[in-house]
Every structure is written in structure tokens, then in C-alpha cells.
Amino acid sequence: MSGSNSALPPAFRRLLLVLGIVLGYLLLLWLARNVPLSFRGGPQGASGSPLGVELAAPPPPPAEKRVTVPSRLAPAASLSASATVSAPVSAAATADGASSSPGPASPAQVYGAVTAAHRFVYLIDVSGSMLMEGPNGRSRFDRAVEEIRRALEALPPEAAFDVIFFADRPLLLSPSFILADAEAKQRAYAFLGNLPDLGGGTNLEEGLAAALRLGPEVIFLLTDGGANEPDWKLLRAVRQMEDAAPAPARLYAFGLANPMDPDDARLLQKLCRQSGGSYQSVDPATSWR
């Protein structure tokens, strides 16, 4: 009878068991918070150094490769065809990913205007008005191609160049500059002889943007005017693009219309002046052959 009276009810025994588990858990938490650890990252030897191999911190990312951008060239007027050009330019010309050794700048001539640099872009308007036939059944585009072919033939092999057509949108001969060797010139002649359909407008902003992204020192622009954009908008956009370009560039523009619209001529003059280049009107009466 006494044994049965001293037995605890099952529910009370379960309660005591739960309380014991909770107290034990709380004791373990207290010990974990208050007992100091004498090592970090693994057991230590007598000298205090880790016995295991500590993982080294990840190496810092490699430094970004940057292209050295030449300082903005001082405005330079066109030189006469008989002038001797030998002014060096500090930036090496990039051609198909390779850099040529810095050296004397190469002369380039378009319509009698000569300037010196390492990197040239020939930017040709192929809008609808450029394709209209003129004297002898030839168009302004035909005359532009004839002049650019002559300019490329005289370009020295150490110079780098690219050719861009533009109308509603641009089309490049190459995504980067190519050295003016015989093979590259033949490639350019084939490009000039295969006129694509780029629309009928004159999106001069996109044409100049494509040229400036290459990082040329000189841009030769051949156009008959009639840009799609308002003058003020185009001047502002081109100035911003020039400031953001990988290299400073001088613009030499040639107006192929006869007569050239006075407003179009003034716009081209302003674009050339703000880059340090010059504008020239080409008279078809003396340029057609």
C-alpha cells in the first residue's frame, strides 16, 4: 500500500523529465557563452600557430588594363600638298588588336588637304542625294569613292585607317583600325565598290559616333550636307561624343554639293572648328573627271 502511494503519477514524471531537459539545455547555453575559446580557425600548437592550413584570403582582382589616351592635339590647319610632315604623336596606332611602334606621324591627303597622324577614318555619306547621277552619269558617291581610293593608295603602310559608310545608320570596313598595307588596301577597295543599302537619310550623328568610338586622330568626312538633326542638337551631341572619345580627333569635312547649302556649310564649319579641323567645299566642275 505504501509503495503504491509513493509512486508519482505518470503525468508528473513527464513534467519533471521535460524540466530536466530544459535546465540542461540552458546550462549548455550558459557554458557556451562564458567559457573562452583559446583558438581560432582550428587547434593551435605550443607556439600559438594553427596546426591546420589556414586558407589564404582571395587575391585582389587584377588591375584594369587601360589604354593611354593622348592629350588633346592643338588645332592644326590643313597643310599644303608639298609640306613635309614629321611631327610625332605619342599614341601608338592600334590595328586589329596590335599596336604599332610610336614614330613620326604619317601624312594623309584628301582633296589637296594634307594632315598628319597615325590613325585615320574616312567617313563617307551614302544617303540618297549622294547617289543621284551628275555629269557623265556619275554620282557624288562615285566621286567620293574615287578620291578615297586615291587617298588610300598614297597612305603609307605604317598608318592605320578605317572606312565608314553612313546614311540612316553606319557600316564599318573593320571593327578596329587596320594597317595600310597592300592587303588592307585591297580589302578597302572591295568595300568601296560594294555599296550597301543603309537607307536614304543623312544621320551624321550616328556616322560621327561610329568614327569617334574607334579613337582616330583625324576624320575625313565626305558629304553633301542635309543632316537629319537640328544644328544645335548635332553640335552639342558631337561635342559630348568628342569629350568621351578614347582619343582626341580633328574633323576635316568636304562639301560635295554644288552649290552647297549655306546652312549645311556653316554646320560643317562649326563641327570642324570645335575639333580643330577645317572645312572645304569641293567644286564638282573641277573635281569630275
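It should be emphasised that the depicted structure is a prediction, and the values quoted were computed from it without experimental measurement.

Caption draft 1: Molecular detail of helix H4 (residues 182-192). Looking only at H4, the buried set comprises Ala184, Lys185, Ala188, Tyr189, Phe191 and Leu192. Looking down the long axis of H4, one finds its buried residues gathered within 160 degrees of arc, a one-sided arrangement. Away from its buried face, by an angle of more than 90 degrees, H4 presents the exposed residues Ala182, Glu183 and Gln186. Where the residues of H4 are buried, they touch strand S5 (119-125), helix H3 (140-154), strand S6 (160-166), strand S7 (170-172) and strand S8 (178-179).

Caption draft 2: Representation of the nonpolar core in the model. With 38 residues, the main nonpolar core has Tyr122, Leu152, Phe161 and Phe220 as its most contacted residues. At the level of secondary structure, the elements contributing two or more residues to this core comprise strand S3 (106-110), strand S4 (113-117), S5, H3, S6, H4, strand S9 (218-223) and strand S10 (250-255). Setting aside anything within four residues of it in sequence, one finds Phe161 in contact with Phe120, Tyr122, Leu152, Leu155, Leu173, Phe177, Ile178, Leu179, Ala180, Ala184 and Ala188. Within the second largest apolar cluster, 31 residues are counted, among which are Leu123, Ile164, Leu234 and Ala249.

Caption draft 3: Geometry of the side chain of Ser174. If you trace the backbone, Ser174 turns up in the loop between S7 and S8. Polar contacts involving the side chain of Ser174 include one to the main-chain carbonyl oxygen of Ser176, which spans 2.6 Å.

Caption draft 4: Structural detail: the pattern of salt bridges. Across all of its chains, the model carries 10 salt bridges by this definition. Note that Asp224 and Arg140 form a salt bridge whose closest N and O atoms lie 2.8 Å from each other. Here the residue Asp224 occupies a position in the loop between S9 and helix H6 (231-244), and Arg140 occupies one in helix H3, the gap between them amounting to 84 residues. With relative accessibility at 26%, the residue Arg140 sits in the partly exposed group. Taking the shortest distance from any N to any O, the salt bridge between Arg143 and Glu146 comes out at 3.0 Å. Residue Arg143 and its partner Glu146 are both found in helix H3; the two are separated by 3 residues, about one turn of the helix. Assigned by exposure class, Arg143 and Glu146 land together as buried. Through salt bridges that share partners, Arg138, Arg143, Glu146, Glu147 and Arg150 make up one connected network.

Caption draft 5: The packing of helix H5 (residues 204-214) against H6, seen in detail. Axis separation between H5 and H6 bottoms out at 10 Å; the angle between their running directions is 10 degrees. As summarised for this structure, H5 and H6 are arranged roughly parallel, according to the angle between their axes. Facing Leu204, Glu205, Leu208, Ala209 and Leu212 of H5, the residues of H6 in contact are Leu234, Ala237, Val238, Met241 and Glu242. Residues belonging to the contact of H5 with H6 are distributed by class as follows: 8 nonpolar, no polar and 2 charged.

Caption draft 6: Broad picture of the packing of aromatic side chains. By the definition in use, this model includes 7 aromatic pairs. Plain terms: the ring middles of Tyr111 and Phe254 are 5.4 Å apart, the flat faces sit at 55 degrees to each other, and that makes the pair tilted. Here the residue Tyr111 occupies a position in the loop between S3 and S4, and Phe254 occupies one in strand S10, the gap between them amounting to 143 residues. The burial state of Tyr111 is the same as that of Phe254; both residues are buried. Here the aromatic rings of Phe141 and Phe165 are separated by 5.7 Å at their centres, their planes lie at 65 degrees, and the arrangement is edge-to-face. Placement of the pair is Phe141 in helix H3 and Phe165 in strand S6, with a sequence separation of 24 residues.

Caption draft 7: Quick peek at a nonpolar patch on the surface. Side chains of Val18, Val22, Leu23, Tyr25, Leu26 and Leu29 sit close together on the surface and give an oily, nonpolar patch of about 590 Å² of accessible area. In this fold, Val18 is placed in helix H2 (residues 10-34). Given the relative accessible area of 48%, Val18 is considered partly exposed.

Caption draft 8: The environment of Gly276, seen in detail. By the element assignment, Gly276 lies in the loop between helix H7 (262-275) and strand S11 (278-281). For Gly276, a relative accessible area of 9% translates into the label buried. Sequence separation between Gly276 and Ala249 is 27 residues; the distance between their C-alpha atoms is 8.2 Å.

Definitions and cut-offs
- Residues numbered from 1 in each chain as written.
- Predicted model: local features only at pLDDT ≥ 70, side-chain atom pairs only at ≥ 80, totals over all residues.
- Heavy atoms only, no water.
- Buried < 20%, exposed > 50% of the residue type's maximum accessible area, 1.4 Å probe, protein only.
- Helix = DSSP H or I, 4+ residues; strand = E, 2+ residues; numbered from the N terminus.
- Arc of directions from axis to C-beta.
- Contact = heavy atoms within 4.5 Å.
- Core = buried A, V, L, I, M, F, W, Y, C linked by side-chain atoms within 4.5 Å.
- Polar contact = N/O pair within 3.5 Å; in protein donor to acceptor, adjacent residues only side chain to side chain.
- Salt bridge = Lys/Arg side-chain N within 4 Å of Asp/Glu carboxyl O.
- Axes fitted to C-alpha atoms, helices over the stretch in contact; angles between N-to-C directions.
- Parallel < 35°, antiparallel > 145°, perpendicular 65-115°, else oblique.
- Nonpolar A, V, L, I, M, F, W, Y, C, P; charged D, E, K, R; others polar.
- Phe/Tyr/Trp six-rings, centres within 6.5 Å; stacked < 30°, edge-to-face > 60°.
- Patch = residues over 30% accessible without salt bridge, like charges linked within 9 Å, V, L, I, M, F, W, Y side chains within 5 Å.
- Areas by Shrake-Rupley, 256 points an atom, 1.4 Å probe, with all protein chains shown as cover.

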